[in-house]
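# Examining the three-dimensional arrangement
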Amino acid sequence: MEIKFILNGKKMQVDAAPDLLLLDLLREKGCYSVKRGCETANCGLCTVLMDKKPVLSCSMLAVRADGHEIVTLEGMQREAEEFGSFLADQGAEQCGFCNPGFIMNVFSMLEEMKEPTEEEIGEYLAGNLCRCSGFMGQTRSILAFLKYKKEQREGGSDR
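Residues numbered from 1 in each chain as written. Predicted model: local features only at pLDDT ≥ 70, side-chain atom pairs only at ≥ 80, totals over all residues. Heavy atoms only, no water.

For the structure shown, the criterion picks out 5 salt bridges. When the shortest N-O distance is used, the salt bridge between R78 and E79 registers 3.7 Å. Residue R78 is classed as exposed on the basis of its relative accessible area, which comes to 62%. Given the relative accessible area of 24%, E79 is considered partly exposed. The partner of E82 in a salt bridge is K149, with the nearest N and O atoms 3.0 Å apart. Of this pair, E82 sits in helix α2 (residues 77-89) while K149 sits in helix α5 (residues 136-153), and the two are 67 residues apart along the sequence. With a relative accessible area of 24%, K149 lands in the partly exposed category. (Salt bridge = Lys/Arg side-chain N within 4 Å of Asp/Glu carboxyl O. Buried < 20%, exposed > 50% of the residue type's maximum accessible area, 1.4 Å probe, protein only. Helix = DSSP H or I, 4+ residues; strand = E, 2+ residues; numbered from the N terminus.)

Put into structure tokens, the structure is as follows:
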């Protein structure tokens, strides 16, 4: 089946087998941040944004991307670098395997909620699994990032 979609800002036109998973198509197109983890839609490693909403690419057929905009971490390098420094500051990067899916969900959350509470952060990110930590460092990094962004908006911080 021929599908057309936008991937990280570039128009794409591909022939996709009816049973091809979006995860596999994205990796074929060089988006190696999209990872296969549990293959049961439970870990969040394969999270990408479709029309600015998080989706699990391991459980979505590629043909469903037809007519949509897909963004992977490769399409958000500047934002990911900025947030990644907060992960590192809080010692939350550890092995880094879960970071791409986690970061995609963080940016989606920040689109939906401008100032989430610690409880809201935990609820929103509950679908992301990290085998290295209990997400305390990740939560601290998000809270520090939110504080930094708020200070930036108010004109009071340079990082």
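From this point on, the discussion continues.
Further remarks concern the layout of surface pockets. Considering only enclosed or pocket space, the largest pocket measures out at about 470 Å³ in volume. Counting residues per element, the ones that place at least two in the lining of the largest pocket are β5 (69-71), α2, α3 (99-112) and α5. Classifying every residue of the lining of the largest pocket by side-chain character gives 7 nonpolar, 2 polar and 10 charged. (1 Å grid on protein atoms, 1.4 Å probe; cavity = no way out; pocket = protein on both sides within 12 Å on 5 of 7 lines; lining within 4 Å. Points joined across faces, edges and corners; volume = space filled by probe spheres on them. Nonpolar A, V, L, I, M, F, W, Y, C, P; charged D, E, K, R; others polar.)

What follows covers the nonpolar core. Formed by 28 residues in total, the largest nonpolar core has its most connected members in F83, F102, I103, V106, I142 and F145. Looking at this core, the elements that each hand over two or more residues are α2, α3 and α5. If one sorts the elements of this core by residue count, α3 sits on top with 7 residues. When sequence neighbours within four positions are dropped, the list of residues in contact with F102 reads F83, L87, L125, N128, F135, Q138 and I142. (Core = buried A, V, L, I, M, F, W, Y, C linked by side-chain atoms within 4.5 Å. Contact = heavy atoms within 4.5 Å.)

The next thing to look at is α2. With 13 residues, α2 extends 18 Å between its outermost C-alpha atoms, agreeing within 8% with the 18 Å of an ideal straight helix rising 1.5 Å per residue. Of the positions making up α2, those classed as buried are A80, E82, F83, F86 and L87. In this structure, the buried side of α2 is in contact with α3 and α5. Backbone geometry just downstream of α2 places G91 in the positive-phi region, at approximately 65 degrees. (Expected span 1.5 Å × (residues − 1).)

A word on the sheet that holds β5. Sheet architecture is open: 5 strands sit in the order β2-β1-β5-β3-β4, paired in mixed fashion. Because the sheet does not close on itself, it has two edges, and the strands there are β2 (10-15) and β4 (53-56). Going from strand to strand, the sheet's axes swing by 40 degrees on average, the running direction of each strand aside. Bridge count between strand β3 (residues 47-50) and β5: 2 bridges; the pairing is antiparallel. (Pairing = 2+ DSSP bridges. Axes fitted to C-alpha atoms, helices over the stretch in contact; angles between N-to-C directions.)

With respect to the helices and strands, K4 occurs in strand β1 (residues 2-7). You can call K4 partly exposed: its relative accessible area is 46%. Put simply, K4 and E69 are 65 residues apart on the chain and 9.5 Å apart in space, counted from C-alpha to C-alpha.

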